[in-house]
Amino acid sequence: MSSSTGSEQAVVVTERPHEHVALVRLNRPKVLNALSNALAEQLAGTLERLDADGVTRAVVIAGDDRAFAAGADIAEFASEGPHLEVWDRIWAVGLPTIAAVRGLALGGGLELAMSCDMMVVADDARLGQPEINLGVIPGAGGTQRLTRTVGKTLATEMVLLGREISGREAELHGLANRAVPAERVLPVALDLAKRLAKQAPHAVRTAKKIIARAFEESLHAGLLDERRAFYALLQSEDAREGIAAFLEKRKPVWQGR
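Calculation criteria
- Residues numbered from 1 in each chain as written.
- Predicted model: local features only at pLDDT ≥ 70, side-chain atom pairs only at ≥ 80, totals over all residues.
- Heavy atoms only, no water.
- Helix = DSSP H or I, 4+ residues; strand = E, 2+ residues; numbered from the N terminus.
- Rg over C-alpha atoms; globule rule 2.2 N^0.38 Å.
- Contact = heavy atoms within 4.5 Å.
- Areas by Shrake-Rupley, 256 points an atom, 1.4 Å probe, with all protein chains shown as cover.
- Pairing = 2+ DSSP bridges.
- Axes fitted to C-alpha atoms, helices over the stretch in contact; angles between N-to-C directions.
- Core = buried A, V, L, I, M, F, W, Y, C linked by side-chain atoms within 4.5 Å.
- Buried < 20%, exposed > 50% of the residue type's maximum accessible area, 1.4 Å probe, protein only.
- Salt bridge = Lys/Arg side-chain N within 4 Å of Asp/Glu carboxyl O.

Observations concerning the overall build of the chain
Next up, step 1: When helices and strands are counted, the chain shows eleven helices and ten strands.
Next up, step 2: Compactness check: the chain gives a C-alpha radius of gyration of 19 Å against a globular reference of 18 Å for 257 residues, within 12% of the reference.
Next up, step 3: Projected onto its principal axes, the C-alpha coordinates of the chain cover approximately 60 × 40 × 35 Å.
Next up, step 4: Look at the contacts in the chain between residues 6 or more apart in sequence, and 69% of them connect residues 24 or more apart.
Next up, step 5: Accessible area of the chain: about 13000 Å², with a carbon and sulfur share of 55%.

Examining the sheet that holds strand 6 (residues 104-106)
Next up, step 1: Here four strands make up an open sheet; going across it, the order is 4-6-8-9 and the pairing mixed. At either margin of the open sheet sits one strand with a lone partner, and together these are strand 4 (67-69) and strand 9 (164-166). Between one strand axis and the next, the sheet turns through 20° on average, direction left out of account.
Next up, step 2: Contacts between helix 4 (residues 108-115) and the sheet are confined to strand 4, strand 6 and strand 8 (126-128), with strand 6 contributing the most and set at about 95° to the helix.

Re the nonpolar core
Next up, step 1: Core analysis: the biggest nonpolar cluster contains 63 residues, and Phe68, Val101, Met119, Leu127 and Leu175 have the highest contact counts within it.
Next up, step 2: A total of eight residues in this core trace back to one element, the largest contributor, which is helix 8 (residues 185-197).
Next up, step 3: In terms of nonpolar packing, the next biggest core, distinct from the first, is built from five residues, Leu32, Ala67, Ala70 and Leu106 among them.

Points about the pattern of salt bridges
Pairing is possible between side chains that carry opposite charge, provided their charged atoms lie close to one another.
Next up, step 1: In the structure shown here, the tally under the stated rule is 17 salt bridges.
Next up, step 2: We note a salt bridge from Asp53 to Arg16, for which the minimum N-O separation is 3.1 Å. A residue pair is termed long-range when its members are at least 10 positions apart, and Asp53 in the loop between helix 1 (37-52) and strand 3 (58-62) and Arg16 in strand 1 (residues 12-18) qualify at 37 residues.
Next up, step 3: Of the charged contacts, one joins Arg168 and Asp123 as a salt bridge, the two residues approaching to 2.7 Å between their closest N and O atoms. In this pair, Arg168 sits in helix 7 (residues 167-172) while Asp123 sits in the loop between strand 7 (118-122) and strand 8, placing the two residues 45 residues apart along the sequence.
Next up, step 4: The network of salt bridges with common partners includes Glu41, Glu48 and Arg89.

Some points on the sheet that holds strand 10 (residues 178-180)
Next up, step 1: The strand order across the open sheet built from six strands is 1-2-3-5-7-10, with neighbouring strands paired in mixed fashion. Each end of this open sheet is capped by a strand with a single partner; those strands are strand 1 and strand 10. Averaged over all pairs of adjacent strands, the angle between their axes in this sheet comes to 20°, without regard to strand direction.
Next up, step 2: Relative to strand 3, strand 2 (residues 21-26) runs parallel, the two being bridged by five bridges. Following the sheet pairing, Leu23 is matched in strand 3 by Val60.

Quick look at the structure:
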């Protein structure tokens, strides 16, 4: 976690490294990208605009070399508290998102990374939920997503003792999709995003939604959701194009419909 005076303007920088791919950078380097309310609000707004622009098909969220995000802005936390409702907007984004994690991903930073659909981490990154050291607990999904991903044993140690794990450990326990040398984090994340952007957009969004429900529903309910989504997608233009392209031995041209 980090602290600041709150006077620094929160900035989210968006770039277009590949067709249909957006790179969103958290940019509060002086405070290790601490998640102020302004930064969380700006991030949510940026993701919502990308989600609705009809062009973007995958998003990479990154920090800098020292930190993805080192947690909440503690000075702001003490004075007015975090505005946790903004996280509902981040979670509602339909685009597939990839967290590119270097350095620290602590507290809200790890919760943000876990909110993404994929995570690429540096071997030497440090991930943790240190809120217990402030006398509180994670408030943006940390206890729930972490436990569902790494299991009760490790999650209990990380949440109750504030234990940090390395990027390599995160991959080992299924928290990260890839653990790579630090300089490879962004290229690997962008490559995954580029590959996602080549898939049928409507199918990707639907699959993301159904996968997320697996955390919330029984297996039976999830299977029924999956079946309904499958039949709905089968009637889409993209499905007809995908099947036709396969039979005609050509690359499909996705319309997102």
